[in-house]
Amino acid sequence: LAIHTIGAHALTALDAGPGRLDLLGWAVAQTGQWGTQDHDAWAYAIEAGYQLPRVPWSPWVRIGFDGSSGDGSPADGRHDTFFQLLPTARTYAAFPFYNAMNSQDALAELILRPHTRVTVKAEYHHLRVSNRHDLWYAGGGAGNASIFGYAGSPANGRRNLAQVASLSVVATVLRSVTVAGFYGHAFGGAVVRQSFVDSDADYGFVEATFRY
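Rules behind the numbers
Residues numbered from 1 in each chain as written. Predicted model: local features only at pLDDT ≥ 70, side-chain atom pairs only at ≥ 80, totals over all residues. Heavy atoms only, no water. Phe/Tyr/Trp six-rings, centres within 6.5 Å; stacked < 30°, edge-to-face > 60°. Core = buried A, V, L, I, M, F, W, Y, C linked by side-chain atoms within 4.5 Å. Buried < 20%, exposed > 50% of the residue type's maximum accessible area, 1.4 Å probe, protein only. Helix = DSSP H or I, 4+ residues; strand = E, 2+ residues; numbered from the N terminus. Contact = heavy atoms within 4.5 Å. Salt bridge = Lys/Arg side-chain N within 4 Å of Asp/Glu carboxyl O. Polar contact = N/O pair within 3.5 Å; in protein donor to acceptor, adjacent residues only side chain to side chain. Pairing = 2+ DSSP bridges.

Turning next to the packing of aromatic side chains. For the structure on display, the rule yields 15 aromatic pairs. Between phenylalanine 148 and tyrosine 150 the ring centres are 5.5 Å apart and the planes differ by 65 degrees, which places this aromatic pair in the edge-to-face class. Joined through ring pairs, the aromatic side chains of Phe95, Phe97, Tyr98, Trp136, Phe182, Phe196, Tyr203 and Phe205 make up one cluster.

Below is the structure:
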């Protein structure tokens, strides 16, 4: 593989009425070689939010749409599926059964701060594959020299991947200790049902982070 990724991003936060408006835009294009095929792909993200820092719990509502290219014809000598390199998948997919390859993610978030040391986040994601003739991709990349780190299941002409609802809580219990909990439920769509009889899934975790 020989892939070149070129992109740009812009973000800002503005005072607007009683709160603050934040805007984010990100876009990349890829070119190069995917084995014997020419590689050309793209991805983008558009997000906006509004926060009321003077209201109790400082409510912050965010919406966005993330998309990336897929490959509709594996036999044409071109590879058009965006390759996400080696990401930290959990940053954008805390329930990581999908990633940023051949995907569309319409998202909404509500973030609350009931205490200066506690953050609560509720999220909703409506997931689709960009190209129904490509795969549903998952995985975060190579973990060592012998494992590629990605898996794919055929979409078989379907586009609706899943809807995901989740809730997370992060609490700073000491200056150097943070405790986090997460629970998410996925309502699998037609793409998931191509490969699995039971299309719904649950995922959760509790973790403690020590900083020194």
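The structure having been displayed, the exposition proceeds.
Moving on, we get to the nonpolar core. A general feature of soluble globular proteins is that nonpolar side chains tend to end up buried together. Phe97, Tyr98, Leu127, Trp136 and Leu161 are the most contacted members of the largest nonpolar core, which has 17 residues in total. Of all the secondary structure elements, the ones that give two or more residues to this core are β7 (118-129), β10 (160-174), β11 (177-188) and α1 (190-193). With near-sequence residues (within four places) excluded, phenylalanine 97 lies in contact with Leu127, Trp136, Tyr137, Ala138, Leu161, Ala162, Val164 and Ala186. Counting residues in hydrophobic clusters, the runner-up holds 5 residues, among them Trp34, Phe83, Met101 and Tyr137.

Take the pattern of salt bridges next. Summed over the entire model, instances satisfying the criterion amount to 6 salt bridges. Across the pair arginine 20 and aspartate 15 runs a salt bridge, and its minimum N-O distance is 2.5 Å. Close ionic contact of arginine 62 with glutamate 109 constitutes a salt bridge, the shortest N to O distance being 3.9 Å. With arginine 62 in strand β4 (residues 60-68) and glutamate 109 in strand β6 (residues 103-115), this residue pair connects regions lying 47 residues apart in the sequence. By relative accessible area, which is 10% here, arginine 62 ends up buried.

Attention now moves to the environment of glutamine 104. Its place among the elements puts glutamine 104 in strand β6. Sequence spacing of glutamine 104 and tyrosine 44 is 60 residues, and the spatial spacing of their C-alpha atoms is 9.8 Å. Here the side chain of glutamine 104 touches arginine 159 through a polar contact of 3.4 Å, side chain to side chain.

Pairing between β7 and β10: 11 bridges, direction antiparallel. Bridge pairing links valine 120 to valine 169 in β10. Sheet topology places β10 next to β11; 12 bridges connect them, and they run antiparallel. Looking across to β11, one finds that alanine 165 is bridged to histidine 185. Joining the antiparallel neighbours β10 and β11 is a turn of 2 residues.

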